[in-house]
Amino acid sequence: MDIKNKLSGIVKQRYAKTLERCDSRELYYALLQMTQELSTARPAPQGSRKLYYFSAEFLVGKLLSNNLLALGVYQDVEQVLRESGHSLSAVEEVEPEPSLGNGGLGRLAACFLDSIAALDLPGDGVGLNYHYGLFHQCLKEGYQTEMPDPWMEEEGWLIPTGVTFEVPFGSGVQKAVMWDIAVPGANTASANRLHLFDVEKPAAAPEQGIDFDKTDIAHCLTSFLYPDDSDEAGRLLRVYQQYFMVSAGAQLILKELDERGVDPRHLCEHVAIQINDTHPSMVIPELTRLLLERGLSMNEALHQVAHACAYTNHTILAEALEKWPMSFIQKVAPQLVPIIRELDRRAKQVFPDPRMAIIDNNDVVHMAHMDIHYGYSVNGVATLHTDILRKTELRAFADVYPEKFNNKTNGVTYRRWLEVCNPKLAALLDQCVGKQWRTDASRFNGLMNYWGDGQVLRDLLDIKFENKLELCRVIKERQGVEVDPESIFDIQIKRLHEYKRQQMNALYVIRKYLEIKGGHLPPRPITVIFGAKAAPAYVMAKHIIHLIICLSKLIEADPQVRPWLRVVMLENYNVSWAEKLIPACELSEQISLASKEASGTGNMKFMANGAVTLGTMDGANVEIAQHVGAHNIYTFGASSDHVIHLYASHSYHSWHFYERPAIKPLVDFIVSPQMLAIGQESSLRALHEDIRGKDWFMALLDLEDYIATRDQAMLDYGNRSAWAQKMLVNIANSGFFSSDRTIAEYNQDIWHLK
Ligand code: 26Q
């Protein structure tokens, strides 16, 4: 294909200009049009069964580069732009980032769509089209405030399909309009689709912040992802969103079956439904209901549903396991109530154990329990996580349904998370192991042959330094902060949550600050970078953000400390930020309390980009440690078994640890006069009080080990060639964590698509 002609034709038609005379914005829209034409011309992959991946989140990130790459025209486009005096990276700046997800679960769904298409498997995503996304985070005067994130444009990636479905709410029927995003497969000739359902007449953005009328379902249903659930209207809206998504999605499945001429009595031979956490769980009763409407008996309908649906668990935090009062479902979708009662009755008949009830004694529906009884597969997202599910949280189920339980360790797509975001490292890999790693990540292993190759080790360090320079440039441009590229880049980017323990990282910063004030300098200057959004109603998380910002201000204003230690809290952390941060990272903070992080996926992206992990033995960190070996990762902290024991025996008392001489000054510094002069007293005191007297996620338990281990890493960093070898071993062993491997396993063990 002659890209130059094609693109010239498009800009001539659109703007009556030559390529040379276009600005970045015009070029972006021209490339968007070209990409859309190429993608929509592709047929869907063929197979005996088709997958529908249901998820409340798809954190896809910017799409232009990825799609150009998948379509095989990336390099041609780059060259054409260069020859006409432009750059693809400037054009990319114009693209807004779709804000359709929150964290790991949503980004995983996006990596999975990429890999499903790349493996030429028939599989579409089903989700919602949130107009204002999660929210746009502003950090003003030391606090997080939330604003709408209106990412949608007149012309964008959403393709109108003309397809609509009627969703029967208790309050009346509401139309669901289907928009599609094309998902072309890398190195295939096919494309799948992400189907995003929307209301017909979406509400305008709220005038102030993210407050809106949560009872105006007809217009506001798709305004925001996870609207604040601190009040009942917010919780109810969440159930409306979920039912809207699954009812439209189930109707789509039946429509497509019909178009293929398949009798719904054979649905499960042709359809696989993956339920991404419990947010889409109502697809089970909804699909059952629709099959009953089509004349199947209850037995027939349940057989089809239970052999089509599979459930993935992403969390063991009790508060994240969804339970909805039946009264909510009665209001939102009363037609589901008799069906869920029947599902529950049948389950109780076989398994009277109250731990396994779908409906408990308070008439509350346990979504995960419904998924396990009426799904044919239940999977966790890392070996440790699946083991914990089997042994503790879901033990009663694992005992009676051992065949349903399986592990699928998460993965990430290296097409976005290496090829696109780190072109220099990609080029070095091409040289060392050949270009095939793009579709066969096991090739990374060939890099081990260069473990003793001084030139390759120097190249790795050089590339890292260049990526650090680029990050410095971006931080300066976006936030006006100067960062020293010679300092160690230590990065923690993930949702703000106490179990992820950003507060423990902050306590380390306090420790370094006090050391430097006392004349004890670190072996090298350190830059500690945070990126995190806190859920709007999560008060403690906001206190932690405030602490981090106060520390960064304190240090900024101190000429004695500034050259040695910097703290940067990035505003509005998102996928585009991650694409800049991950290639530049040297020490990757993965410090969750053992047993709490189901898997983590940022940890995988960091390792593949040559960062060394500092982590607890939690989630996929355990598998990373196995792959790289003890010399190439820094692990610390209590084991998951010990932590589980501490919870079960109620024997963790933070105040015991607080009293330790190495710990007390660090915690108390939070409410020191210096800090109170910078920050808000009530916020700092609340955090101090919580850590001292409760510390539910045991930051103080691991703090001393964390400090010692992190100090060791900083020391080892000084031996540059030994450090480069650690980087190399991490990259070389990251192949296992490719989502292509994960998806191949899902297909082989669960979906059987072809
Ligand atoms: C729960 C109840 C009510 C409303 C919303 C929710 C809710 C919302 C979002 C529960 C969970 C989430 C998101 C979970 C998530 O992102 N989990 C992450 O999934 C990743 C992919 O498997 C893992 O790598 C992470 O370890 C896990 O935290």
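Residues numbered from 1 in each chain as written. Predicted model: local features only at pLDDT ≥ 70, side-chain atom pairs only at ≥ 80, totals over all residues. Heavy atoms only, no water.

Q: An account of the overall build of the protein is requested, with residue identities and associated values reported.
A: Check the secondary structure of the protein and you find 32 helices and 19 strands. By principal-axis analysis of the C-alpha atoms, the protein measures approximately 80 × 70 × 55 Å. For the protein, restricting intrachain contacts to residue pairs at least 6 apart in sequence, the fraction spanning at least 24 positions comes to 75%. A total accessible area of about 27,200 Å² is found for the protein, and carbon and sulfur atoms account for 51% of it. Of the charged side chains in the protein, 75 are positive and 94 negative, and the gap between their average positions amounts to 1 Å. (Helix = DSSP H or I, 4+ residues; strand = E, 2+ residues; numbered from the N terminus. Contact = heavy atoms within 4.5 Å. Areas by Shrake-Rupley, 256 points an atom, 1.4 Å probe, with all protein chains shown as cover. Lys, Arg positive; Asp, Glu negative; His and termini not counted. Charge placed at Lys NZ, Arg CZ, Asp CG, Glu CD.)

Q: Kindly report on the side chain of asparagine 192, identifying the contributing residues and their values.
A: With respect to the element layout, asparagine 192 can be found in strand β7 (residues 191–198). According to the relative accessible area criterion, asparagine 192 is buried, its value standing at 3%. Engagement of the side chain of asparagine 192 in a polar contact is seen with the backbone oxygen of leucine 121, the distance being 2.9 Å. Engagement of the side chain of asparagine 192 in a polar contact is seen with the backbone oxygen of glycine 123, the distance being 3.2 Å. If sequence neighbours within four positions are ignored, asparagine 192 has contacts with Pro45, Ile116, Ala117, Leu121, Pro122, Gly123, Asp124, Ile181, Ala182 and Val183. (Buried < 20%, exposed > 50% of the residue type's maximum accessible area, 1.4 Å probe, protein only. Polar contact = N/O pair within 3.5 Å; in protein donor to acceptor, adjacent residues only side chain to side chain.)

Q: I'd love a proper account of helix α30 (residues 699–716), names of residues and values included.
A: For an α-helix, 3.6 residues make a turn, and residues three or four places apart therefore share a direction. Taking 1.5 Å as the rise per residue, α30 with 18 residues should run 26 Å; its terminal C-alpha atoms sit 24 Å apart, in good agreement. Within the span of α30, buried status applies to Ala699, Leu700, Leu701, Asp702, Leu703, Tyr706, Ile707, Thr709, Arg710, Ala713 and Met714. (Expected span 1.5 Å × (residues − 1).)

Q: Can you tell me about the pattern of salt bridges, naming the residues and giving the values?
A: Taken as a whole and assessed by the stated rule, the structure comprises 52 salt bridges. In this structure, the salt-bridge partner of glutamate 259 is lysine 255, at a minimum N-O distance of 2.9 Å. Highlighted residues: glutamate 259 and lysine 255, both in helix α8 (residues 232–259), separated by four residues, approximately one helical turn. According to the relative accessible area criterion, glutamate 259 is exposed, its value standing at 56%. Residue lysine 255 is classed as partly exposed on the basis of its relative accessible area of 30%. Note that lysine 435 and aspartate 430 form a salt bridge whose closest N and O atoms lie 3.6 Å from each other. According to the relative accessible area criterion, lysine 435 is exposed, its value standing at 53%. (Salt bridge = Lys/Arg side-chain N within 4 Å of Asp/Glu carboxyl O.)

Q: With reference to specific residues and values, describe the site of the ligand.
A: Around the ligand there are 18 residues in total, and Leu105, His314, Asn410, Glu597 and Gly600 lie nearest to it. Alanine 598 is positioned such that a nitrogen or oxygen atom in its backbone is 3.3 Å from an oxygen atom of the ligand. A distance of 2.8 Å separates an oxygen atom of the ligand from a polar atom in the backbone of glycine 600. With three residues, the single largest contributor to the shell around the ligand is helix α6 (residues 104–118). (Near = heavy atom within 4 Å.)

Q: Lay out the packing of α6 against helix α32 (residues 739–751) in plain terms, naming residues and giving numbers.
A: Between α6 and α32, the shortest axis-to-axis distance is 9 Å and the interhelical angle comes to 75°. Classified by the angle between their axes, α6 and α32 sit roughly perpendicular to one another. Taken together, the residues of α32 that come into contact with α6 (itself represented by Cys111, Phe112, Ser115 and Ile116) are Ser739, Asp740, Thr742, Ile743, Tyr746 and Trp751. A breakdown of the residues in the contact of α6 with α32 according to their chemical character gives six nonpolar, three polar and one charged. (Axes fitted to C-alpha atoms, helices over the stretch in contact; angles between N-to-C directions. Parallel < 35°, antiparallel > 145°, perpendicular 65-115°, else oblique. Nonpolar A, V, L, I, M, F, W, Y, C, P; charged D, E, K, R; others polar.)

Q: Kindly report on unusual backbone geometry, identifying the contributing residues and their values.
A: Even without glycine at this site, tyrosine 226 takes up a positive phi of about 45°. Summarising the element assignment, tyrosine 226 is placed in the loop between α7 (217–220) and α8. The phi dihedral of asparagine 572 is positive, around 50°, even though this residue is not glycine. In this fold, asparagine 572 is placed in the loop between β16 (565–570) and α22 (575–584). Under the relative-accessibility criterion, asparagine 572 is labelled buried at 9%.

Q: Tell me about the packing of aromatic side chains, and please be specific about residues and values.
A: The tally for this structure, following the rule as stated, stands at 24 aromatic pairs. Relative to tyrosine 401, the ring of phenylalanine 351 lies with its centre 5.3 Å away and its plane at 70°, an arrangement referred to as edge-to-face. Placement of the pair is phenylalanine 351 in the loop between α13 (337–350) and β11 (364–366) and tyrosine 401 in the loop between α16 (395–400) and β13 (405–407), with a sequence separation of 50 residues. Across the pair, tyrosine 401 and phenylalanine 351 agree in class, each one buried. An aromatic cluster of at least three residues, connected via ring pairs, comprises Tyr53, Phe58, Phe112, Tyr746 and Trp751. Over the face of the ring belonging to phenylalanine 135 we find lysine 533, whose NZ or CZ atom lies 5.2 Å from the ring centre. Above the plane of the ring of tyrosine 717 lies arginine 720, whose end atom (NZ or CZ) is 3.9 Å from the centre. (Phe/Tyr/Trp six-rings, centres within 6.5 Å; stacked < 30°, edge-to-face > 60°. Lys NZ or Arg CZ within 6 Å of the ring centre and 35° of its normal.)

Q: Before we move on, could you go through the environment of alanine 250 and cite the residues and values that matter?
A: Note that alanine 250 resides in helix α8. In the structure, alanine 250 is positioned 95 residues away from arginine 345 in sequence and 23 Å away in space, judged by C-alpha atoms. Excluding residues that lie within four positions of it along the chain, alanine 250 makes contacts with Phe54, Val283, Glu286, Leu287 and Leu290.

Q: Kindly report on the sheet that holds strand β14 (residues 488–493), identifying the contributing residues and their values.
A: If you walk across this open sheet you meet the six strands as β16-β15-β14-β17-β18-β19, and the pairing is parallel. The sheet is open, and its two edges are formed by β16 and β19 (634–636), each paired on a single side. Strand after strand, the sheet turns through a mean of 20° between neighbouring axes, direction not considered. Relative to β16, helix α19 (residues 454–479) is tilted by about 60°, and along the sheet it contacts β14, β15 (526–531) and β16. Together, β14, β15 and β16 form the strand contacts of α22, whose direction differs from that of β14 by roughly 140°. (Pairing = 2+ DSSP bridges.)

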